[in-house]
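Letter by letter, the chains look like this.
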Amino acid sequence: MNARQANPWAALSALCLGFFMILLDTTIVSTAIPAMLRELDAGLNAIVWVISVYLLAYAVPMLFASRLGDRFGPKRVYLVGLVVFTLASLWCGLSGSVEMLIAARAVQGLGAALMTPQTLAFISHLFPPSKRGPAMGLWSGVAGIAAIVGPLLGGVLVDHLGWEWIFFVNLPVGVVAFALALLKVPDWQPKHSHSFDVPGILLSGAGLFLVVYGVQNGQHYDWGRALGPITVFEIIGAGLALLIAFVMWQRFNRDEPLLPLSVFANRNFSAGALTSATVGFAMTGLFLPLVIYFQAVLGESPTMSGLLFAPMSLLAGLIGPFVGRASDKVSGKVLLIIGLTALATGMALVALIARADTNAWALTPALLVAGAGIGFIFAPMGNLAMSSVEPRLVGTASGIFNTARQVGGVLGSAAVGVLLQARISASIADEAATAAATTALPEQYRAPFVEGIAKAAESTGEFGSSGQASIPGLPAEVAKQAQRLALEAVHNGLTDAARVTLLLPAAVLLLGVLAALTMRRPVPRIPAPAPAAATATTAA
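Every value quoted in this text rests on a predicted model; they were computed, and no experiment measured them.

Caption draft 1: Focus on the overall build of the protein. Counting secondary structure elements, the protein contains 19 helices and 2 strands. Of all intrachain contacts in the protein linking residues separated by at least 6 positions in sequence, the fraction that spans at least 24 positions is 84%. As displayed, the protein has an accessible area near 21100 Å², and 67% of this comes from carbon and sulfur atoms.

Shown next, in the form of C-alpha cells:
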C-alpha cells in the first residue's frame, strides 16, 4: 500500500494505538510504585530507576531511530519497535527482582524509541500543512486518553491482579496494534540513504546516562563517593563533558551528524524542542509525588488514586482535538502559552492546597486547571515546531523533537526523584523532632524516638508502613503514644516533601513559557511547481 492509496486517518489511527501503548506505560507505572516498593522489597531510589531507565532508553536512541526510518522505511522500523516493546512488556511482568525489572524496562524503552519518531514523520507525510492541526489534535488526544487510562487502569490492575499486570496488559494491545499497522499504514520509503554517526550515538548516550546516574543517585550516596574514589559530582561533570564533546562533534562532523545543528536555525523548531523538554520534565514530575501522597498519606487505594487523576486527564483528552483544530486558525503560540501557564498554575495550586488531612477530592479543581493546560499544549507545540521544517529534515526533526521531550522526562524523573528522597528524609526527621519537643513524650525518650524515625526516613522505602517503623529504646507504656506521633510525623513529612517537589516541575515550565514567547506564526514551506513532464510521469 502506498501513501496515495492509504486513508491517512486510518493510518494515523493505527499508529496512534501503538503510541497510546507507549504513553500508557509511562503513566501506568506510577500508580504501582507503593506496591512495587513492598512486593519487590526495594527502596524508592530503585523504583524511580524503573521509571528513569525506561525514559533514558527511550530518549537516547531516538535520533538514531529516526534515521533508521528514513533509510529503511518508517513503517518497518515502527513494526520492529512494536514487537520489541510488546515482548519486553512480557519480560517486565515476569521479573522477580527490581534489578531484572530495570533491565526489562530498558529494553521496553528501546522499543518505544524505534516507534515514536515514525508517528510524527507520518503526520508530516500523510497530511498537507493546512490539515496537520486536526492530525496533531488526534495525536495529542491520544496522549490525553493514555493519561486518563494509565493511572486508573494501573490502580485497578494492582488492586485486583498485582503490579505485574500493568505490563501484561500491553500484550493484547501490542498484537492488535501490529495487525492494524500492517494493514492500514502505507509502506512509505523516504529513500534517504543515511550514514550512521556512531561516535555521536556513543557520546550522547554515555553523556546523558552519566548525568542521570549522578543526579538520581546523588541522595543515595549522600552526594559523596559513588564508584570507588569517584564522587557523584565527578560523574555528573564527566557526563556534561561528554555532552559538550557531542555537540562539538556534531559541529565538525562533515559527513552526516546525528544532530544536524542546521535544524536549530529554525527559530520555531529550536523553541519548540526546548518547550517540549520542559513539558516532558513536568509531566514526569507530576505523578510520582502525588501518587505517594495519595496512597501513603491519605490512605487511598491504587484504584482510587487513579480515579483522582481521571478528571484532569479526561479534560486534557477532550480539549486536545479542539485545540488542534483551532491551532490552524488562531495563534498556536497563544494557545501554547495558555497551556503551559495553566499546567504550572495547577501544579502550584496542588502544592498550596495539599495537607496531611486534606480531602483528596479537594484537589480536583487544581488538577482540572493542570488538565486544561495539558490539553492546550501538545497540538500547537508540535504544529509550531514542525510546520516550517524543511521536508528533507522532517524525519530527523521529528526525532529531535520527540527526543527533547524524552530527555526532559528522564531529567525530570531523576531530579524529582532525588528531590523527593531528600525532602522525605529531611521533612520526616524535622517533623519527628518537632513532635518530640512539643508533646508529652517523656524527655528521656525523645532522642531515641527522633533517631528511630530519622533512620527509617533515610531508607525512603519505609513510608508505605505509615509510621510503623521500629523505634528503639521505648518501653511499652509509651509505645502507643510514640506510634501515634510517628504516624503524624511520617504523614506530615511526606506531605511537605510532595508539596516542595511539585514546585520544581512547575518552575521548569516557566522556562517553556519563555521559549514559547520567541515563536513566530509558522509559514509552511510550499514546494516549487513541478515541470509538466515530471508531473505527467508522477500521475502515470
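Caption draft 2: How the structure looks around the nonpolar core. Judged by nonpolar contacts, the single largest core of 155 residues is most densely connected at Met 36, Ile 166, Phe 269, Leu 290, Tyr 293, Phe 294 and Leu 343. The element best represented in this core is helix 12 (residues 267-297), accounting for 16 residues. Discounting residues that sit within four places of it in the chain, Tyr 293 has contacts with Leu 298, Ala 354, Arg 355, Thr 358, Leu 363, Thr 495 and Ala 498.

Caption draft 3: Expanded view of the pattern of salt bridges. Counted under the stated rule, the structure contains 2 salt bridges. Across the pair Arg 105 and Asp 25 runs a salt bridge, and its minimum N-O distance is 2.8 Å. Taken as a pair, Arg 105 in helix 6 (residues 98-126) and Asp 25 in helix 1 (residues 8-31) lie far apart in primary sequence, 80 residues in all. The two residues Arg 105 and Asp 25 agree in class, both being buried. Asp 496 serves as the salt-bridge partner of Arg 423, at 3.0 Å between the closest nitrogen and oxygen. Of this pair, Arg 423 sits in helix 16 (residues 394-438) while Asp 496 sits in helix 18 (residues 476-517); the two residues are 73 residues apart in sequence, bridging distant segments of the chain. Under the relative-accessibility criterion, Asp 496 is labelled partly exposed at 24%.

Caption draft 4: Local environment of the packing of aromatic side chains. Under the criterion given, the structure shown has 11 aromatic pairs. Between Tyr 54 and Phe 85 the ring centres are 6.5 Å apart and the planes differ by 65°, which places this aromatic pair in the edge-to-face class. In this pair, Tyr 54 sits in helix 3 (residues 44-59) while Phe 85 sits in helix 5 (residues 74-94), placing the two residues 31 residues apart along the sequence. Judged by relative accessible area, which is 0%, Phe 85 ranks as buried. Members of the aromatic cluster, connected to one another through ring pairs, are Phe 287, Tyr 293, Phe 294 and Phe 309.

Caption draft 5: Local environment of the packing of helix 5 against helix 9 (residues 170-184). At a minimum axis separation of 9 Å, helix 5 and helix 9 run at an interaxial angle of 165°. Between helix 5 and helix 9, the angle falls in the class roughly antiparallel. Handedness of the helix 5/helix 9 crossing: left-handed. Between helix 5 and helix 9, the contacting residues are Lys 75, Tyr 78, Leu 79, Leu 82, Val 83, Phe 85, Thr 86, Ser 89 and Leu 90 on the first element and Asn 170, Leu 171, Gly 174, Ala 177, Phe 178, Ala 181 and Leu 182 on the second. Here the residues of the contact of helix 5 with helix 9 sort into 11 nonpolar, 4 polar and 1 charged.

Caption draft 6: Fine view of a nonpolar patch on the surface. A cluster of nonpolar side chains, namely Leu 274, Leu 511, Leu 514 and Leu 517, defines an oily patch on the protein surface of about 360 Å² accessible area. The leading source of residues in the nonpolar patch is helix 18, at 3 residues. Residue position: Leu 511 is located in helix 18.

Caption draft 7: The arrangement of the environment of Gln 108 in detail. For Gln 108, the position within the fold is in helix 6. C-alpha of Gln 108 to C-alpha of Ala 88: the two residues are 20 residues apart in sequence and 5.1 Å apart in space. Setting aside chain neighbours within four positions, we find Gln 108 in contact with Asp 25, Tyr 54, Phe 85, Ala 88, Ser 89, Cys 92, Phe 167 and Asn 170. Within the local environment of Gln 108, its side chain forms a polar contact with the side chain of Arg 105, the two groups lying 2.9 Å apart.

Caption draft 8: Fine view of the packing of helix 10 (residues 198-217) against helix 11 (residues 232-252). Taken N-terminus to C-terminus, the directions of helix 10 and helix 11 make an angle of 155°; their axes are 7 Å apart at the nearest point. Classified by the angle between their axes, helix 10 and helix 11 sit roughly antiparallel to one another. Considering only the axes of helix 10 and helix 11, their crossing is left-handed. In terms of residue class, the contact of helix 10 with helix 11 is built from 18 nonpolar, 7 polar and no charged.

Caption draft 9: Layout of unusual backbone geometry. Of note, Asp 222 is a non-glycine position whose phi angle comes to about 55°, a positive value. Mapped onto the elements, Asp 222 comes out in the loop between helix 10 and strand 1 (225-227). Even without glycine at this site, Trp 223 takes up a positive phi of about 55°. Structurally, the position occupied by Trp 223 is in the loop between helix 10 and strand 1.

Caption draft 10: Summary view of helix 11. Helix length check: helix 11 (21 residues) gives 31 Å between terminal C-alpha atoms against 30 Å at 1.5 Å per residue, within 8%. Among all positions in helix 11, only Val 232, Ile 235, Ile 236, Gly 239, Phe 246 and Gln 250 are buried. End-on view of helix 11: buried residues confined to an arc of 100°, all on one side of the axis. Facing away from the buried side of helix 11 by more than 90 degrees, the exposed set consists of Phe 233, Ile 244 and Arg 251. On the buried face of helix 11, the contacting elements are helix 10, strand 1 and strand 2 (230-231).

Caption draft 11: Helix 12, seen in detail. Along its 31 residues, helix 12 runs 45 Å from first to last C-alpha, staying within 8% of the 45 Å computed at 1.5 Å per residue. For helix 12, a buried count of 28 out of 31 residues is recorded, marking the element as mostly surrounded by other parts of the structure. Of the residues flanking the start of helix 12, the one acting as N-cap is Asn 266, its side-chain oxygen 3.0 Å from the backbone nitrogen of Asn 268. Once helix 12 finishes, Gly 299 follows within two positions and takes phi at roughly 75°, a positive value.

Caption draft 12: Region of the structure containing the confidence of the model for the protein. Overall, the prediction assigns the protein a mean pLDDT of 81, with 87% of residues at 70 or greater. Confidence, expressed as mean pLDDT per element, reaches its minimum in the protein at helix 19 (residues 532-539) with 33 and its maximum at helix 5 with 93. Low pLDDT, under 50, characterises residues 526-540; the predicted model gives this stretch 2 contacts beyond four residues in sequence or across chains.

Quick notes on the rules
Residues numbered from 1 in each chain as written. Predicted model: local features only at pLDDT ≥ 70, side-chain atom pairs only at ≥ 80, totals over all residues. Heavy atoms only, no water. Helix = DSSP H or I, 4+ residues; strand = E, 2+ residues; numbered from the N terminus. Contact = heavy atoms within 4.5 Å. Areas by Shrake-Rupley, 256 points an atom, 1.4 Å probe, with all protein chains shown as cover. Core = buried A, V, L, I, M, F, W, Y, C linked by side-chain atoms within 4.5 Å. Buried < 20%, exposed > 50% of the residue type's maximum accessible area, 1.4 Å probe, protein only. Salt bridge = Lys/Arg side-chain N within 4 Å of Asp/Glu carboxyl O. Phe/Tyr/Trp six-rings, centres within 6.5 Å; stacked < 30°, edge-to-face > 60°. Axes fitted to C-alpha atoms, helices over the stretch in contact; angles between N-to-C directions. Parallel < 35°, antiparallel > 145°, perpendicular 65-115°, else oblique. Left-handed = near helix turned anticlockwise from the far one by under 90°. Nonpolar A, V, L, I, M, F, W, Y, C, P; charged D, E, K, R; others polar. Patch = residues over 30% accessible without salt bridge, like charges linked within 9 Å, V, L, I, M, F, W, Y side chains within 5 Å. Polar contact = N/O pair within 3.5 Å; in protein donor to acceptor, adjacent residues only side chain to side chain. Expected span 1.5 Å × (residues − 1). Arc of directions from axis to C-beta. pLDDT = per-residue confidence, 0-100.

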